[in-house]
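# Coordinate inspection notes
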Amino acid sequence: MAEDLTILKTASKEEKYQSIIPQIKALVEGEDDLIANLANVCAALKEQFGWFWVGFYLVKNDELVLGPFQGPVACTRIKKGKGVCGASWERAEVLVVPDVDEFPGHIACASASKSEIVLPFYLNNKMVGVLDVDSEYLAHFDDIDAKYLKEILSLING
Ligand code: SME
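To keep things clear, this report deals only with the structure shown in the data block. (Residues numbered from 1 in each chain as written. Predicted model: local features only at pLDDT ≥ 70, side-chain atom pairs only at ≥ 80, totals over all residues. Heavy atoms only, no water.)

Here the focus is the packing of aromatic side chains. Enumeration over the complete set of coordinates arrives at 7 aromatic pairs. With a centroid separation of 4.5 Å and an interplanar angle of 45°, the aromatic rings of Y17 and F49 are classed as tilted. Residue Y17 is located in helix α1 (residues 13-28), and its partner F49 is located in helix α2 (residues 34-49); the two are separated by 32 residues in the primary sequence. F49 carries the same exposure label as Y17, and that label is buried. Accessibility expressed as a relative area gives 16% for F49, which makes it buried. (Phe/Tyr/Trp six-rings, centres within 6.5 Å; stacked < 30°, edge-to-face > 60°. Helix = DSSP H or I, 4+ residues; strand = E, 2+ residues; numbered from the N terminus. Buried < 20%, exposed > 50% of the residue type's maximum accessible area, 1.4 Å probe, protein only.)

Okay, here's the thing in C-alpha cells:
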C-alpha cells in the first residue's frame, strides 16, 4: 500500500471524489481493523477536501460515541434522536443540512460549522454508526456528496 495520496487541488467536486475513491479503496483493502480503516478514511477525505471536520460516531450502548476524526475536538457522546447525527441514526437516513442554525436540536461542537452532512454507516447490513462532515460554509453539501460518501462507506471493512 502506498501511503502518499494524490490530491487534486483545482478539480470539480465529482472529479475529486472520483480521484480519491480508488485511493481509499487501496487504503482499506486487505485491512480488517475497523478503527485503522476509519482513521485513514477521515485523513484521506480531510486531505482531499479540506473540510472543517470529518469523522465517525459509533453506536455503543445505545449512544453515539466519538470515533476517528480529523478536525477540532468534538463532543464525545450523542443520544439517539439528538442533533443531526442522532437524527440520522434514529431515522437511518442521510441528512444534508445546508444551514445548521435551521436544524432543530443541532449540536454545535464548533461555532464555525455552518453546514453538515451525516450518513448512516453500515457493516454487514447493521447500522454501526454515522459519518459526519462539517463545513464552515453554508450549503456546502448536496446529493453529489451523499452519493460518493455512501460509496466510500461501502468500501470499509472491519
Ligand atoms: N453537529 C453534530 C454534532 C457533531 S459535531 O458537528 C462534530 C450534530 O448536530 O449532531
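In terms of strand pairing, strand β1 (residues 53-60) meets strand β2 (residues 63-70) through 6 bridges, oriented antiparallel. Within β2, the residue paired with V59 across the bridge is L64. Between β1 and the antiparallel strand that follows it, β2, lie 2 residues; N61 among them carries a positive phi value of about 50°. Direction of pairing for β2 relative to strand β3 (residues 77-79): antiparallel, over a ladder of 3 bridges. (Pairing = 2+ DSSP bridges.)

What follows covers the nonpolar core. Judged by nonpolar contacts, the single largest core of 34 residues is most densely connected at L45, W51, F56, F121 and L149. Taken together, the elements giving at least two residues each to this core come down to α1, α2, β1, β5 (115-123), β6 (126-135) and α4 (143-154). With 7 residues, the top contributor of residues to this core is α2. Ignoring sequence-local partners within four residues, the contact set of F56 consists of L38, V41, C42, V65, L66, G67, P68, F121, V130, L131, L153 and I156. If you look at the next biggest cluster of nonpolar residues, it comprises 17 residues, including W53, L64, V100 and F103. (Core = buried A, V, L, I, M, F, W, Y, C linked by side-chain atoms within 4.5 Å. Contact = heavy atoms within 4.5 Å.)

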